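# Chain and residue survey
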Amino acid sequence: LAQAIFGQAPLPKDTPHVDPCSAACEPTNQPTMVLISKKERRQILEHLFQEGVICVKKDPRACRHNELEAIPNLHVMMVLRSLCSRAFVTEKFNWQWYYYMLTNEGIDYLRGVLNLPPQVMPSTLTKQRPTRPALAGADQADRGEGKGWGKGKGKGYGKED
């Protein structure tokens, strides 16, 4: 009867019957493959090693990443998710943003992948030099005008004659 109505050939006896309406409504549990070029992956890893940290918005449909403009946000998310699963980065999630920080194992791994010498470090681990000398304000500290609780209201304020 179905053959006459729908013009379809009957299914063989051993083929399981799948209702097309129910199959279309159910979400598929199979992951979608994301193909990332070697050039883009290297750019992401170089940026991560250079900075030591990276922020990624939880928006896989974003056409570009906020720091790496030429790379889609989804590609950055997938590369960092892979590094996180191998414990090369630690992940913090807050307000729809992922924050990834390099671990010591991740630094060693990226040095091997990017062919970097051992003396090169991420900027989060390099000590910043102060812009002013450390003892620049030492000559002004010995004025002897109080105990360091503010400047007061003038030179003679609070002194008894």
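Above this text sits the structure in question.
To start, this report covers the structure provided alongside it. Predicted model only: the values in this text are computed from it and were never measured. (Residues numbered from 1 in each chain as written. Predicted model: local features only at pLDDT ≥ 70, side-chain atom pairs only at ≥ 80, totals over all residues. Heavy atoms only, no water.)

Moving on, we get to the nonpolar core. If you look at the biggest cluster of nonpolar residues, it comprises 21 residues, and the most contacted ones within it are L48, V76, L80 and L83. Within the residue set of this core, elements represented by two or more residues are α3 (38–51), β1 (53–57), α4 (73–85), β3 (97–102) and α5 (104–114). When near neighbours in sequence (up to four residues on either side) are disregarded, L48 contacts V53, I54, L80, L83, V89, L102 and L110. (Core = buried A, V, L, I, M, F, W, Y, C linked by side-chain atoms within 4.5 Å. Buried < 20%, exposed > 50% of the residue type's maximum accessible area, 1.4 Å probe, protein only. Helix = DSSP H or I, 4+ residues; strand = E, 2+ residues; numbered from the N terminus. Contact = heavy atoms within 4.5 Å.)

Enumeration over the complete set of coordinates arrives at three aromatic pairs. When the centroid spacing of 4.7 Å and the interplanar angle of 50° are considered together, the rings of F93 and Y98 count as tilted. On the numbers, 5.9 Å between centres and 25° between planes, the contact of Y98 with Y100 is stacked. Looking at Y100, the relative accessible area reads 3%, which means it is buried. Through a chain of ring-to-ring contacts, three or more aromatic side chains come together here, namely F93, Y98 and Y100. (Phe/Tyr/Trp six-rings, centres within 6.5 Å; stacked < 30°, edge-to-face > 60°.)

Another point: the sheet that holds strand β2 (residues 89–94). Strand order in the open sheet formed by three strands is β1-β3-β2, with antiparallel pairing between adjacent strands. The sheet is open, and its two borders are formed by β1 and β2, each paired with just one other strand. Strand-to-strand twist in this sheet, taken as the mean axis angle between neighbours without regard to direction, amounts to 20°. By the bridge criterion, six bridges tie β2 to β3 in an arrangement that is antiparallel. By the bridge assignment, E91 is partnered in β3 with Y100. (Pairing = 2+ DSSP bridges. Axes fitted to C-alpha atoms, helices over the stretch in contact; angles between N-to-C directions.)

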